[in-house]
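# Survey of secondary and tertiary structure
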Amino acid sequence: MKLTFRWYGDSDPVTLDHIRQIPSMTGIVSAVYDVPAGGVWSEESINDLKRKANEKGLEFEVVESVPVPEDIKLGTDKAPELIENYCENIRRLGKAGVKVICYNFMPVFDWLRSELEREAEDGSNSLAYDEKTVLSMNPLTSELSLPGWDESYTKEQLKDLLNQYSKIDEEQLWKNLETFLKAIIPVAEQNDIKMAIHPDDPPWGLFGLPRIITSEKNLDRFLKLVDSPNNGLTFCTGSLGAGIDNDLVKMAAKYADRIHFLHLRNIKFTGDKAFYEVGHPTECGSIDMFGIAKALVDNGFDGYVRPDHGRMIWGEKGRYGYGLFDRALGATYIAGLFEALEKNK
């Protein structure tokens, strides 16, 4: 496996100098953040990211993410043009040496949490989710600023989007995803890029919006839409793990050859559809991190891995879930876990 670290660019308080000091770190995971969803990334911006990483001895082989515009998910008349723009981004990233593109197909909202600073007994704090709290929020009127609530929309734009999605059920979303995949996967194959869809977070519908990348049954269906090695998964243990019925060890073994990118993080359940994020090791939470890693190694996984959301520890302040200290601890735990498993295979 190749250990990587999420970097949000020059504005990120976690610098490339910090990242390169983490043992076993091979590269960054980043994106062009100043182009709206649906736009074409300039080759200059892509190559600038690569140059900055390379100058610090790091690779830039994973992009997270190239956002999928809502018009593509909705299947509007604008979708064909936007899909072609997406294909052009794949070509340009392939030319720059990128090997994996992570993306998601979640309508309107990305990952959602109800708390940003849930305090643990040891004084650390982390992101937390409680279904009752989330459903009590009105996405059209809430003044809360939470990760995953797309702040690029005005209330009127958000209202319009939700109205459009009221006409889209899961089956229609599946059809729109299939149309998208049939257009982009041949381009990915031509440019030696593996596409890796991220599961929905949390893995169930919210606010009447359909969500489909949620379970083993749905991952089976997804992989059959375009049965190509270049059509694969970002296996996020925190996202899929929030679904208490998802057997992550079984799924890791089953999909090992189609998992191109691995997000490792742990959560601890506090009730039905309620959890908070904890330290990465198995003993910290409800997810069998060792079992997942062993299933992957035993079944030939050799993709990219990054520590996902971390706690805020040792007084650190920064981007919620994306501080340096706990993610660095997670990275060293992951490196040791995989070294032991790979050497004892």
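First, a word on what this report is: a plain description of the structure on this page. Since the structure is predicted, the reported quantities are computational estimates derived from the model, not experimental observations. (Residues numbered from 1 in each chain as written. Predicted model: local features only at pLDDT ≥ 70, side-chain atom pairs only at ≥ 80, totals over all residues. Heavy atoms only, no water.)

To continue, consider the overall build of the protein chain. Across its full length, the protein chain carries 12 helices and 12 strands. Its C-alpha radius of gyration of 19 Å places the protein chain within 12% of the 20 Å reference for a compact globule of 345 residues. Along the first, second and third principal axes, the C-alpha atoms of the protein chain reach 50 × 45 × 40 Å. Across the 345 residues of the protein chain, 56% fall into the buried class. Split by element, the accessible area of the protein chain, about 14,700 Å² in all, is 47% carbon and sulfur. When the 40 basic and 55 acidic side-chain charges of the protein chain are each reduced to a single mean position, those positions are 2 Å apart. (Helix = DSSP H or I, 4+ residues; strand = E, 2+ residues; numbered from the N terminus. Rg over C-alpha atoms; globule rule 2.2 N^0.38 Å. Buried < 20%, exposed > 50% of the residue type's maximum accessible area, 1.4 Å probe, protein only. Areas by Shrake-Rupley, 256 points an atom, 1.4 Å probe, with all protein chains shown as cover. Lys, Arg positive; Asp, Glu negative; His and termini not counted. Charge placed at Lys NZ, Arg CZ, Asp CG, Glu CD.)

In a beta sheet, neighbouring strands are held together by backbone hydrogen bonds and run either parallel or antiparallel to one another. Reading around the barrel, the eight strands line up as β1-β2-β3-β4-β7-β8-β9-β12 and close back on themselves, with parallel pairing between neighbours. Taking the axes of each pair of neighbouring strands and ignoring which way they run, one obtains an average angle of 30° across the sheet. (Pairing = 2+ DSSP bridges. Axes fitted to C-alpha atoms, helices over the stretch in contact; angles between N-to-C directions.)

As a rule of thumb, soluble globular proteins bury nonpolar side chains together. Counting 97 residues, the largest nonpolar core has Tyr86, Ile101, Leu177, Phe180, Ile184, Met195 and Phe222 as its most contacted members. It is helix α7 (residues 170-190) that contributes the most residues to this core, nine residues altogether. In terms of nonpolar packing, the next biggest core, distinct from the first, is built from seven residues, Val100, Cys102, Ala196 and Phe261 among them. (Core = buried A, V, L, I, M, F, W, Y, C linked by side-chain atoms within 4.5 Å.)

Attention shifts here to the packing of aromatic side chains. The description of an aromatic ring pair uses the distance of the two centres, along with the angle that the planes make with each other. Considering all chains together, one arrives at 10 aromatic pairs under this definition. Seen in terms of ring centroids, Phe301 and Phe338 are 6.4 Å apart; in terms of plane orientation they differ by 50°. Their pairing is tilted. Here Phe338 lies in helix α12 (residues 325-343) and Phe301 lies in the loop between α11 (289-298) and β12 (304-307), a separation of 37 residues in the sequence. You'll find Phe301 and Phe338 in the same group, each marked buried. (Phe/Tyr/Trp six-rings, centres within 6.5 Å; stacked < 30°, edge-to-face > 60°.)

Turning next to the packing of helix α4 (residues 79-95) against α7. In the contact formed by α4 and α7, the axes pass within 9 Å of each other and the chain directions differ by 20°. Relative to α7, the element α4 lies roughly parallel. When the axes of α4 and α7 are compared, the crossing they make is right-handed. Counting all contacts with α4, which are made through Ile83, Tyr86, Cys87, Ile90 and Arg91, the residues of α7 involved are Phe180, Ala183, Ile184, Val187 and Ala188. Grouping the amino acids of the contact of α4 with α7 by side-chain chemistry returns nine nonpolar, no polar and one charged. (Parallel < 35°, antiparallel > 145°, perpendicular 65-115°, else oblique. Left-handed = near helix turned anticlockwise from the far one by under 90°. Contact = heavy atoms within 4.5 Å. Nonpolar A, V, L, I, M, F, W, Y, C, P; charged D, E, K, R; others polar.)

Our focus in this paragraph is the packing of helix α8 (residues 216-225) against helix α10 (residues 248-255). Any two packed helices are characterised by how steeply their axes cross, that is the angle between the axes, and by the distance between the axes. As a packed pair, α8 and α10 sit with axes 11 Å apart at the nearest point and diverge in direction by 15°. The orientation of α8 with respect to α10, classified from their angle, is roughly parallel. Every pair of crossing elements has a handedness; the one defined by α8 and α10 is right-handed. Contact with α8, carried on its side by Glu216, Leu219, Asp220 and Leu223, involves Lys250, Met251, Lys254 and Tyr255 of α10 and no other residues of that element. For the contact of α8 with α10, the per-class residue count stands at four nonpolar, no polar and four charged.

The final tally for this structure, using the stated rule, is 32 salt bridges. Across the pair Glu55 and Arg51 runs a salt bridge whose closest N-O atoms are separated by 3.1 Å. Residue Glu55 and its partner Arg51 are located together in helix α2 (residues 43-55), separated by four residues, close to a single helical turn. Given a relative accessible area of 53%, Glu55 falls into the exposed group. Of the charged contacts, one joins Glu277 and Arg265 as a salt bridge, the two residues approaching to 3.3 Å between their closest N and O atoms. One end of the pair, Glu277, is in strand β11 (residues 274-278); the other, Arg265, is in the loop between β9 (259-264) and β10 (266-271), and 12 residues separate them in sequence. With respect to burial, Glu277 and Arg265 carry one shared label: buried. Here the residues in one salt-bridge network are Arg6, Glu64, Arg113, Asp201, Arg265, Glu277, Arg306 and Asp308, joined through shared partners. (Salt bridge = Lys/Arg side-chain N within 4 Å of Asp/Glu carboxyl O.)

It is worth spelling out the environment of Val297 at this point. Examined against the element boundaries, Val297 turns out to sit in helix α11. Given a relative accessible area of 4%, Val297 falls into the buried group. Measuring from C-alpha to C-alpha, the distance between Val297 and Ala253 comes to 8.6 Å, with 44 residues separating the pair along the chain.

Here Asn230 shows up in the loop between α8 and β8 (231-236). A polar contact is formed between the side chain of Asn230 and the backbone oxygen of Ile193, at a distance of 2.8 Å. Not counting residues within four places of it along the chain, the set of residues in contact with Asn230 comprises Ile185, Ala188, Glu189, Ile193, Lys194, Met195 and His260. (Polar contact = N/O pair within 3.5 Å; in protein donor to acceptor, adjacent residues only side chain to side chain.)

Bear in mind that shape data such as this cannot, by itself, settle questions of function.
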